[in-house]
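Coordinate inspection notes
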Amino acid sequence: MPAVNSLVPARFLTIIAHLVIVITIFWSRENNVKACLPLDFTQEQYDNEDRKLVVALSVTLGLFAVELAGFFSGVSMFNCSQGLLSTGVHASASVALIFFLFEQWDCGIYWWILAICSVLPAFVEVLLFIAFFGLKKKPL
């Protein structure tokens, strides 16, 4: 099986794994929000941290939409560079978010995971969209 053909299912599975973990964190974010707060916190502090985490998770879901649109439209489905990048960062994000969920890491760490593992592949996806639709070139 050629490398490109094995990258497509690997990329899809890692994106979906990352997506499932983000949705799981969205549903059970109470413990992660409490981990970001001091032992004696007010409701206002809780609401503020919860709002920050909801924004970060919502941005992640929006970036998933961008990346899945490029993947399913075929713009980047068979692009080796994007396939390797996406597979690597989404696999890394899946592992990091499992630790974030179960070890109840500080909420600030989520922003780092978001920047490296969601913004980076979505940005490359946007560049591929521009190259494909704007410049009418097949990205390599």
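Just above, that's the structure.
Treat the numbers as computed from the prediction; the structure is a model and nothing was measured.

Definitions and limits used
- Residues numbered from 1 in each chain as written.
- Predicted model: local features only at pLDDT ≥ 70, side-chain atom pairs only at ≥ 80, totals over all residues.
- Heavy atoms only, no water.
- Disulfide = S-S within 2.5 Å.
- Salt bridge = Lys/Arg side-chain N within 4 Å of Asp/Glu carboxyl O.
- Helix = DSSP H or I, 4+ residues; strand = E, 2+ residues; numbered from the N terminus.
- Buried < 20%, exposed > 50% of the residue type's maximum accessible area, 1.4 Å probe, protein only.
- Axes fitted to C-alpha atoms, helices over the stretch in contact; angles between N-to-C directions.
- Parallel < 35°, antiparallel > 145°, perpendicular 65-115°, else oblique.
- Left-handed = near helix turned anticlockwise from the far one by under 90°.
- Contact = heavy atoms within 4.5 Å.
- Nonpolar A, V, L, I, M, F, W, Y, C, P; charged D, E, K, R; others polar.
- Patch = residues over 30% accessible without salt bridge, like charges linked within 9 Å, V, L, I, M, F, W, Y side chains within 5 Å.
- Areas by Shrake-Rupley, 256 points an atom, 1.4 Å probe, with all protein chains shown as cover.
- Core = buried A, V, L, I, M, F, W, Y, C linked by side-chain atoms within 4.5 Å.

**Here we look at the state of the cysteines**
- Within this structure, the stated rule accounts for 1 disulfide.
- No disulfide involves Cys117; its sulfur sits 17 Å from the nearest other cysteine sulfur, which is in Cys107.

**Quick word on the pattern of salt bridges**
- One pass over the full model with this rule turns up 5 salt bridges.
- The shortest N-O distance in the salt bridge between Glu30 and Lys34 comes to 3.0 Å. Taken together, the residues Glu30 and Lys34, both in helix α2 (residues 30-35) and 4 residues apart, mark about one turn of the helix.
- Judged by relative accessible area, which is 43%, Glu30 ranks as partly exposed.
- Residue Lys34 is classed as partly exposed on the basis of its relative accessible area of 36%.

**Remarks on the packing of helix α4 (residues 80-102) against helix α5 (residues 107-134)**
- Where α4 meets α5, the closest approach of the two axes is 10 Å, and the angle between their N-to-C directions is 165°. When the axis of α4 is compared with that of α5, the two are roughly antiparallel. The element α4 and its partner α5 pack so that their crossing is left-handed. For the pair α4 and α5, contact is made by Gln82, Leu85, Val89, His90, Ser92, Ala93, Ala96, Leu97 and Phe100 and by Cys107, Tyr110, Ile113, Ile116, Cys117, Leu120, Pro121, Val124, Glu125 and Leu128, respectively.

**Here's the deal with the environment of Val124**
- Here Val124 is to be found in helix α5.
- Taking the relative accessible area as the measure of exposure, Val124 reaches 22% and is therefore partly exposed.
- Between the alpha carbons of Val124 and Ser81 there is a distance of 9.7 Å; along the sequence they are 43 residues apart.
- Ignoring anything within four residues of it in the chain, the contact list for Val124 reads Gln82 and Leu85.

**Quick notes on the packing of helix α3 (residues 43-73) against α5**
- The interhelical angle for the contact between α3 and α5, taken along N-to-C directions, is 25°, at an axis separation of 9 Å. Taken together, the axes of α3 and α5 are roughly parallel relative to one another. Of the two elements, α3 crosses α5, and the hand of that crossing is left-handed.
- Along the lines of polarity and charge, the residues of the contact of α3 with α5 split into 18 nonpolar, 4 polar and 4 charged.

**Examining a nonpolar patch on the surface**
- On the surface, Val119, Phe123, Val126, Leu127, Ile130 and Leu135 cluster together to form a nonpolar patch covering roughly 530 Å² of accessible area.
- Turning to its location among the elements, Leu135 is positioned in the segment after α5.

**What to know about the nonpolar core**
- If you look at the biggest cluster of nonpolar residues, it comprises 27 residues, and the most contacted ones within it are Ile25, Leu53, Leu97 and Tyr110.
- For this core, the elements supplying multiple residues, two or more each, are α1 (3-27), α3, α4 and α5.
- Here Ile25 is in contact with Leu57, Leu97, Phe100 and Leu101, once residues within four sequence places are set aside.

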